[in-house]
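For reference, the chains in residue letters:
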Amino acid sequence: MTEEHLLKGWEEFEAGALLFSFEGDPSQRKFHENNSIHHSVADWRVLKPVFNEELCIHCQFCWVFCPDTSIIPKDKKFGEIDYVHCKGCGICSDVCPTNPKSLVMFANQTPIEEALRNWPAKDEKKKENSDG
Amino acid sequence: MGEIKQIKNLKEFSTSVERFQGGHRLCPGCSHSIIVREIVNATEDDLCISTATGCLEVCSTIYPFTSWDVSWIHIGFENAAAAISGTEAMHKALARKKKGYSDKPMKFIAFAGDGGTYDIGFQSLSGAVERGHDFMYVCLDNEGYMNTGGQRSSSTPVGGATTTSPAGRVSYGEKMQKKDMTAIMAAHRCQYVAQVAPSSWKDLVKKAQKAYQTPGATYINAMSPCPTEWKFDPSMSMEVSKVMVDSCVCPLYEIEYDPQTHNYKYTVNYEPKNKLPVKEYMALQGRFKHLFKPEFSHVIDQWQRDIDAQWDYIRRRQDAGV
Ligand SMILES: Cc1ncc(C[n+]2csc(CCOP(=O)(O)OP(=O)(O)O)c2C)c(N)n1
Ligand code: SF4
Ligand code: SF4
């Protein structure tokens, strides 16, 4: 927020100013300095989701149910986890339908390679579910 | 009227350009933002949103940040509907008077919690609907005043423990029945009224799109599992939501009103193949824990009867076509 913004009185703002939908190439999208995308909530996290590419079926359940817009899809596939805005709630791992899961929660400080080495085995009791 | 966005499956949906960003301060696992994303990503039209005070507003607009990449307005706890109706009227007037002000379709949405809808915002909602403004009202129904620490509202279900309806030796918690807000909004002759749950994303998106296309005021009651005050692990939000739907505690249905014939058309959008007992839904949440003591088992039995009766009622209205 700039000095100029702060000094503006309510009657100086333009009446009926609108913000239109973003159009264009999403990879070139720039956010306003006051967008919360510039605020990190990474320090909220106790557990972090780790992604295992080999198991993923790109169903996008994790994308639609992440409350913190932290699963970033790429061309209809799983893209990456945004560890700046992920709070480690564990929903993405919970809704992941593969067996074993493609997203598993590990302690936040666990290195990714170590997590991948310690991946849980297939759960023989569980049927694969793919309901939405 | 804008084009309806094609969303056949999640892969297609995942190409949406997000309009609600991370970095907000809602609790981990909060369903509010899941519902909001499903609704704002269901259209490509420009949006103008008002939000009543409550978890969503407080957590998404902490100074100097905002999570909203749409036109957004906030005024108070009790007047999300008044704010959006004024905005919609202003937009109409300016589009008429000022050339080139806004030529593309603009959709108007009000978001409010159940406190801001069932209780304090009720009169402003009722008035805005009566005046026939063109907007969608979404109640994020987490069955209590959660932003202020979990007080009861007229949406809190019987037996729920909250800070103002605590459970203890002599009380099983909330005594009053949950208000049937969806029916009350249908009685306002909204042309479209529906109930949704975040775990049923396809149903939710379809209903949001229907509401966007319907002229006049529409109402969506979005049940929003709250890990913090319903007392369950944040990773379980969608599990709770699924069981809520499969036990018919949150039936997914819609009511369309025809102003010509004055007919109400009920549609049940989802019939669980295997209807779960309400006990399973309650067992997932700490706010109902005390009901599992033998002396309060009558509350659970009563719940089952009430939920069955409500489910039966909706289906009878559907079958009768009135
Ligand atoms: C007129 C007024 N009274 C009281 C408050 C304090 N207040 C802020 S948020 C809130 C609770 C909101 O509850 P609800 O609408 O159910 O939304 P939730 O936080 O549960 O999403 C209250 C009481 C206020 N902001 N304004
Ligand atoms: S742990 Fe929660 S916040 Fe993090 S990516 Fe998964 S669903 Fe999103
Ligand atoms: S208290 Fe409940 S509704 Fe409010 S932010 Fe936390 S989880 Fe969401």
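What this report covers is the structure whose coordinates are included nearby.

Rules behind the numbers
- Residues numbered from 1 in each chain as written.
- Chains lettered and ligands numbered in written order.
- Predicted model: local features only at pLDDT ≥ 70, side-chain atom pairs only at ≥ 80, totals over all residues.
- Heavy atoms only, no water.
- Helix = DSSP H or I, 4+ residues; strand = E, 2+ residues; numbered from the N terminus.
- Rg over C-alpha atoms; globule rule 2.2 N^0.38 Å.
- Buried < 20%, exposed > 50% of the residue type's maximum accessible area, 1.4 Å probe, protein only.
- Contact = heavy atoms within 4.5 Å.
- Areas by Shrake-Rupley, 256 points an atom, 1.4 Å probe, with all protein chains shown as cover.
- Lys, Arg positive; Asp, Glu negative; His and termini not counted.
- Charge placed at Lys NZ, Arg CZ, Asp CG, Glu CD.
- Near = heavy atom within 4 Å.
- Nonpolar A, V, L, I, M, F, W, Y, C, P; charged D, E, K, R; others polar.
- Core = buried A, V, L, I, M, F, W, Y, C linked by side-chain atoms within 4.5 Å.
- Polar contact = N/O pair within 3.5 Å; in protein donor to acceptor, adjacent residues only side chain to side chain.
- 1 Å grid on protein atoms, 1.4 Å probe; cavity = no way out; pocket = protein on both sides within 12 Å on 5 of 7 lines; lining within 4 Å.
- Points joined across faces, edges and corners; volume = space filled by probe spheres on them.
- Buried area = accessible area lost by both parts, 1.4 Å probe.
- Salt bridge = Lys/Arg side-chain N within 4 Å of Asp/Glu carboxyl O.

1. Quick notes on the overall build of chain A
(1) Moving on: Summing up its helical and strand segments, chain A has four helices and four strands in all.
(2) Moving on: For 132 residues, the compact-globule formula gives about 14 Å, and the C-alpha radius of gyration of chain A, at 20 Å, lies well above that figure.
(3) Moving on: Along the first, second and third principal axes, the C-alpha atoms of chain A reach 65 × 30 × 25 Å.
(4) Moving on: Burial statistics for chain A: of 132 residues in total, 41% are counted as buried.
(5) Moving on: Counting only contacts in chain A whose residues sit at least 6 apart along the sequence, the fraction spanning at least 24 positions is 61%.
(6) Moving on: Accessible area of chain A: about 8100 Å², with a carbon and sulfur share of 53%.
(7) Moving on: In chain A, 15 side chains carry a positive charge and 22 a negative one; their mean positions are 9 Å apart.

2. Section: the site of ligand 3
(1) Moving on: By nearness alone, every residue bordering ligand 3 is listed as L26(B), C27(B), C30(B), H32(B), C55(B), N142(B), M146(B), C226(B), P227(B) and T228(B).
(2) Moving on: Here the shell around ligand 3 is composed, by residue class, of seven nonpolar, three polar and no charged.

3. What about the environment of H91(B)?
(1) Moving on: Note on placement: H91(B) falls in helix 4 (residues 80–97).
(2) Moving on: By relative accessible area, which is 9% here, H91(B) ends up buried.
(3) Moving on: A C-alpha to C-alpha distance of 9.8 Å links H91(B) and C48(B), two positions 43 residues apart in sequence.
(4) Moving on: Not counting chain neighbours up to four residues away, the residues in contact with H91(B) comprise L18(A), Y101(B), S102(B), M106(B) and F108(B).

4. Regarding the nonpolar core
(1) Moving on: One finds I39(B), F111(B), Y281(B) and W303(B) to be the most contacted residues of the largest nonpolar core, which totals 110 residues.
(2) Moving on: In this structure, V104(A), F106(A), A115(A) and W119(A) belong to the second largest nonpolar core, which totals five residues.

5. Overview of the site of ligand 1
All names here are of chain B.
(1) Moving on: In the vicinity of ligand 1 there are 17 residues, among which H32, C55, G115, G116 and G144 approach most closely.
(2) Moving on: Within the backbone of C55, an N or O atom sits 2.9 Å from an oxygen atom of ligand 1.
(3) Moving on: Contact between ligand 1 and G144: an oxygen atom at 2.9 Å from a main-chain N or O atom of the residue.
(4) Moving on: Protein contacts shield 73% of the accessible area of ligand 1, which totals 590 Å² for the unbound molecule.
(5) Moving on: Of the residues contributing to the shell around ligand 1, the split by class is five nonpolar, ten polar and two charged.

6. Looking at the layout of surface pockets
Over the atoms, a rolling probe the size of a water molecule traces out where space has been left empty.
(1) Moving on: Of the pockets and cavities examined, the largest pocket occupies roughly 1300 Å³.
(2) Moving on: As for the largest pocket, its lining consists of 34 residues, and the residues nearest its centre are L19(A), T66(B), W68(B), V70(B) and W72(B).
(3) Moving on: When residues of the lining of the largest pocket are traced back to their parent elements, those giving at least two are strand 2 (71–73) and helix 4 of chain B.
(4) Moving on: Take the lining of the largest pocket: its biggest share by element is three residues, from strand 2 of chain B.
(5) Moving on: Residues of the lining of the largest pocket, tallied by class, amount to 17 nonpolar, twelve polar and five charged.
(6) Moving on: Residue lining of the second largest pocket: 25 residues in total, with P26(A), S27(A), I72(A), P73(A) and S16(B) positioned closest to the centre.

7. Notes on the interface of chain A and chain B
(1) Moving on: In this assembly, 45 residues from chain A lie in contact with 54 residues from chain B.
(2) Moving on: For the pair chain A and chain B, the two sides together bury roughly 4200 Å², of which 56% comes from carbon and sulfur.
(3) Moving on: Our count for the chain A to chain B interface comes out at two salt bridges.
(4) Moving on: The shortest N-O distance in the salt bridge between R29(A) and D69(B) comes to 2.6 Å.
(5) Moving on: On inspection of chain A and its partner chain B, the count reaches 26 residue pairs in polar contact (both at pLDDT 80 or more).
(6) Moving on: Going through the elements one at a time, helix 2 (61–65) and helix 3 (91–95) of chain A are the ones with two or more residues in the side of chain A that touches chain B.
(7) Moving on: When residues in the side of chain A that touches chain B are grouped by element, the largest group, four residues, is from helix 2 of chain A.
(8) Moving on: Broken down by class, the residue content of the side of chain A that touches chain B amounts to 24 nonpolar, 13 polar and eight charged.

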